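Below, each chain spelled out in residue letters.
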Amino acid sequence: MISTAAISPPNSELAVKKETMHVPVMVSEVLDGLSLRSGGIYVDATLGLGGHTEAILSRCPEVRMVIGLDYDTEAMEKAKSRLAPFSDRVRFIRSNFIHLHDVLLYNRIEQVDGILMDLGISSFHLENSGRGFSFFRDEPLDMRMDPSGALTAADIVNKFPVERLTDLIQTYGEERWAKRIAKRIYERRNIEMILSSTDLAEVIASSIPRKYHPRRIHPATRTFQALRIAVNRELENLKEALDSFPPCLRSGGRVCIISFHSMEDRLVKIAFREDERLKSLTKKPLVPSLEEIHGNPRARSAKLRIAQYIGGPTLRGQDYYNDCNPKGPKCDSA
Ligand SMILES: C[S@@+](CC[C@H](N)C(=O)[O-])C[C@H]1O[C@@H](n2cnc3c(N)ncnc32)[C@H](O)[C@@H]1O
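Analysis parameters
Residues numbered from 1 in each chain as written. Predicted model: local features only at pLDDT ≥ 70, side-chain atom pairs only at ≥ 80, totals over all residues. Heavy atoms only, no water. Phe/Tyr/Trp six-rings, centres within 6.5 Å; stacked < 30°, edge-to-face > 60°. Buried < 20%, exposed > 50% of the residue type's maximum accessible area, 1.4 Å probe, protein only. Helix = DSSP H or I, 4+ residues; strand = E, 2+ residues; numbered from the N terminus. Expected span 1.5 Å × (residues − 1). Arc of directions from axis to C-beta. Contact = heavy atoms within 4.5 Å.

Mind showing me how you'd approach the packing of aromatic side chains here?
By convention here, two paired aromatic rings are described through the distance between centres and the angle between planes. Within this structure, the stated rule accounts for four aromatic pairs. Aromatic pair F135 and F136: ring centres 4.9 Å apart, planes at 70°, arrangement edge-to-face. Accessibility expressed as a relative area gives 15% for F135, which makes it buried. A relative accessible area of 65% means that F136 is categorised as exposed. A centroid spacing of 5.3 Å and a plane angle of 80° characterise the contact between F135 and F224, whose relative ring orientation is edge-to-face. Of this pair, F135 sits in the loop between α6 (123-128) and α7 (153-159) while F224 sits in helix α11 (residues 221-231), placing them 89 residues apart in sequence. For the pair F135 and F224, one class covers both residues: buried.

How should helix α8 (residues 162-173) be read in this particular structure?
Helical geometry: 3.6 residues make up each α-helical turn, so side chains three or four residues apart lie on a common side. With 12 residues, α8 should cover 16 Å at 1.5 Å per step; its first-to-last C-alpha distance of 16 Å lies within 8% of that length. Residues of α8 that are buried: L165, T166, L168, I169, Y172 and G173. For α8, the angular spread of the buried residues around the axis is 165°, confining them to a single face. Residues of α8 that are buried in the fold lie against α7, α9 (178-191), α11, α12 (234-244) and α13 (262-274).

Structure, rendered in structure tokens:
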């Protein structure tokens with residue numbers, strides 16, 4: 001394993017931090033968890049602004065390549081300019097990570113040494129995307145990370161039956177006031193459609209009695225989280241990835257997953273415990289140090305779990321792939 005300890009973050013990490021305020025979380029723990037090795041090929045399945053990939057490439061010159069996937073075109077363009085100094089060691093693939101298996105076959109890579117997933121949205125989405133992820137910004141209610149996704153948050157808010165809306169807010173937001181919120185949304189949309197993030201935030205806040213407003217978070221936090229998870233099919237995608245990633249790894253290869261809410265972490269925990277192809281290396285999830293949380297409060301709910309691939313079926317050969325997918329995988333090689 002390559003030592004990554006003593007090298008400080010490169011300047012461009014700080015530059016991106018300034019522009020978008022997205023700071024990659026638990027970088028040292030991820031680099032150790034991947035157990036980087038000379039000549040290794042790694043996948044950053046949630047490239048985002050390239051913070052983790054930059055750390056891998058800059059701190060470990062012996063790593064041969066990182067394959068970075070993201071389905072957000074804008075985030076990927078930012079990652080491309082950030083990672084320009086490493087252009088010969090990074091490949092950018094615009095794709096949903098559920099297609100990783102096909103992406104590797106298409107690129108004639110049989111197995112990789114490690115896979116990283118840093119789930120959820122980045123600070124770029126919240127602060128700069130203009131897509132209504134934040135209740136503090138007056139923006140169109142979109143919330144798609146993949147701009148080609150079929151469903152926007154406005155579609156859900158304005159078209160879903162009230163029972164389905166209640167269920168969604170309750171399940172994905174773990175919101176005790178889900179029924180009241182859904183009812184108030186229904187009443188408001190019968191007067192006029194709810195199309196902006198601040199309009200929705202106001203409807204939500206007005207449906208929870210003021211004395212029950214949470215003290216530490218905005219009253220709309222949980223509902224916004226629920227909508228984002230539903231719009232981007234986050235839990236479905238994670239389940240699919242957990243099932244399809246192991247055979248993309250060489251024997252002994254690592255998978256590191258950073259999650260930010262309990263539903264994601266539960267899925268990862270169960271998969272790592274019950275999948276016979278994997279050996280969990282973290283009985284309890286790793287969490288950021290107090291120092292990291294102090295410097296980057298977004299890190300406070302991060303949980304990192306690591307597992308090792310111990311065997312089972314590997315990727316099938318290129319001929320099989322060509323026979324099955326004459327048109328190639330559902331992704332753009334950017
Ligand atoms: C938390 S950010 C990653 C930040 C990155 N580690 C960094 O340091 O800049 C998560 C990224 O994953 C992407 N993403 C989320 N779900 C995805 C999926 N199913 N397929 C591909 N990309 C996805 C989002 O668009 C977002 O850019």
